[in-house]
Amino acid sequence: MNKIPMSSPDLTDAERQAVADVMNTPMLSMGQYVKDFEQAFCDRTGAKHAIAVNSGTAGLHLCVRAAGIGEGDLVITTPFSFVASSNVMLFENAIPLFVDIDPKTGNIDTALIKDAIENTEKYLPRKGAKVDAKVKAILPVDVFGQPADMDPIMALAKEHNLSVIEDSCEALGAEYKNQPAGMLGDFGVFAFYPNKQMTTGEGGLVVSNNDEHADYMRAMRNQGRAPGDTWLTHTHLGFNYRLDEMSAALGAVQVSRLDEMLHKREQVANWYESALKNIEGVETQFIEKSTSKMSWFVYVVRFDKSINRDELAQQLIAKGVPVRPYFAPIHLQPYMVKQFGYRRGDFPVTEDLGNRSLALPFSGVMSKEQVMRVCETIAELI
Ligand SMILES: *Cc1c(COP(=O)(O)O)cnc(C)c1O
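What you are looking at is a predicted structure, and each value in this text was computed from that prediction instead of being measured.

Describing the nonpolar core
Among the nonpolar cores identified, the biggest contains 40 residues, and Ile69, Phe144, Ile165, Met217 and Tyr326 are the most heavily contacted of them. Within the residue set of this core, elements represented by two or more residues are β1 (49–53), α3 (56–66), α4 (84–90), β4 (135–139), β8 (187–191) and α7 (211–221). Looking at this core, the element that brings in the most residues is α3, giving six residues. Domain assignment of the residues forming this core places at least three in each of domain 1 (13–256) and domain 2 (259–381). Each residue touching Ile69, except ones within four places of it in the same chain, is listed here: Val64, Val75, Glu92, Ala94, Lys136, Ala137 and Ile165.

Focus on the site of the ligand
With respect to spatial proximity, 14 residues lie near the ligand, and among them Gly56, Thr57, Asp167, Glu170 and Lys196 are the closest. Asp167 is positioned with one of its side-chain polar atoms (N or O) 2.8 Å from a nitrogen atom of the ligand. Coverage of the ligand by the protein amounts to 91% of the 390 Å² it exposes when considered alone. For the shell around the ligand, the element with the highest residue contribution is α3, accounting for three residues. Taken together, the residues of the shell around the ligand break down into six nonpolar, five polar and three charged.

Things to note about the domain arrangement of the chain
What the domain assignment reports for the chain is domain 1 (13–256) and domain 2 (259–381). Between domain 1 and domain 2, the C-alpha centre-to-centre distance is 24 Å. Every contact between the two is made by 45 residues of domain 1 and, on the other side, 42 residues of domain 2. For the domain 1 and domain 2 pair, buried surface summed over both sides reaches about 3800 Å², with 58% attributable to carbon and sulfur atoms. Considering only the surface of domain 1 that becomes buried against domain 2, Arg126, Phe144 and Gln197 emerge as the three largest contributors, covering 20% of it. Between Arg44 and Asp259 there is a salt bridge, with the nearest N and O atoms lying 3.1 Å from each other.

Digging into the sheet that holds strand β11 (residues 291–293)
Taken together, the three strands give an open sheet; going across it, the order is β7-β6-β11, and neighbouring strands pair in antiparallel fashion. Whereas interior strands pair on both sides, the edge strands pair on one side only; in this sheet they are β7 (179–180) and β11. Relative to β11, strand β6 (residues 175–176) runs antiparallel, the two being bridged by two bridges. Considered in β11, the bridge of Tyr176 is made with Thr291.

Describing the pairing of strand β3 (residues 95–98)
Burial along β3 is two-sided: the residues Ile95 and Leu97 and Pro96 and Phe98 are all buried. Here strand β2 (residues 74–77) runs beside β3; their pairing, made up of four bridges, is parallel. Looking across to β3, one finds that Val75 is bridged to Pro96. At this point the chain moves from β2, through α4, to the parallel β3, and the crossover so formed is right-handed.

Rules of the game
Residues numbered from 1 in each chain as written. Predicted model: local features only at pLDDT ≥ 70, side-chain atom pairs only at ≥ 80, totals over all residues. Heavy atoms only, no water. Core = buried A, V, L, I, M, F, W, Y, C linked by side-chain atoms within 4.5 Å. Buried < 20%, exposed > 50% of the residue type's maximum accessible area, 1.4 Å probe, protein only. Helix = DSSP H or I, 4+ residues; strand = E, 2+ residues; numbered from the N terminus. Domains from an automatic or database assignment. Contact = heavy atoms within 4.5 Å. Near = heavy atom within 4 Å. Polar contact = N/O pair within 3.5 Å; in protein donor to acceptor, adjacent residues only side chain to side chain. Areas by Shrake-Rupley, 256 points an atom, 1.4 Å probe, with all protein chains shown as cover. Nonpolar A, V, L, I, M, F, W, Y, C, P; charged D, E, K, R; others polar. Buried area = accessible area lost by both parts, 1.4 Å probe. Salt bridge = Lys/Arg side-chain N within 4 Å of Asp/Glu carboxyl O. Pairing = 2+ DSSP bridges. Right-handed = clockwise from strand over helix to strand, strands pointing away.

Below, the structure written as structure tokens:
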């Protein structure tokens, strides 16, 4: 039997041609393709500024810098995410202040954000943070393509004068109460690794409506060259976070096809939903009412406590169905335990979902037969 891939990019000859076209120009970086790619994002999201970078992580890092988050500052965020959303604080010697998640959606629990602002000491890690450290920002993650509950987050941020960085790296094309994900906070970040809804190979992009932040982030992605600087003048100590022209050309075609690709992903998710809903012990994705549009990034199911998830995963892999536990809680990663002294039990909802969740093979180019084979294999093994 042919092997089903865990994920696949959705590419056509138009993407191949666009990349080849760049190869016939002398401009492989800092040319028109990146500008066009950024413009396509402004057009799509309504953002005033779009800043393309070479990864989602780089984009998040630039936001942390632009928000003025520095040494010892606290940023309220979720341990149920990909590590990048917390690592960008650590890059600046700032501290992720974890709060647990909503068990239904897997997104950050907004009641706990409020409590963490009002009773910060209660949420500090066992070590690695100063007792008088101040909360400076909130970094919610739109987990699995479903926007976090942004209205209460923005209200709290406004009340307490905090910046909000929306990690929409898994949610390009999603909508919260009919507004595009990524446009709900002060900054929004998208990512284009090949398993995301659209790809540039490696890549990411920040959206913002703030002119000053946008200028600073454009400078910081380009070795600190501020507007007016020459090639060898560097106003800031910057990074090289530039996206190259081949990646931007690929991305421009992908973004023009985004609605089509999202539609195909939704179709695959619907096939999964109807095939899995009658298997006892398997729970599919819960979609909140505020999610006016889900953008399917991964297809994650949860198993009942009576099912041994790890054993089932091994058996599925042995039968040619690749699967992955998703997410592994960030606070229990070895470097986090070492720096902050976290232990199992610190964030019970995150750990419970981490223990019971499994990402199934998923992409917009999966066939119905492949989806059925995955579901039949699960049913058989359970
Ligand atoms: C993919 C992803 C990122 C960014 O990943 P890169 O590989 O750096 O592009 C950030 N946060 C979350 C939640 C992600 O899923």
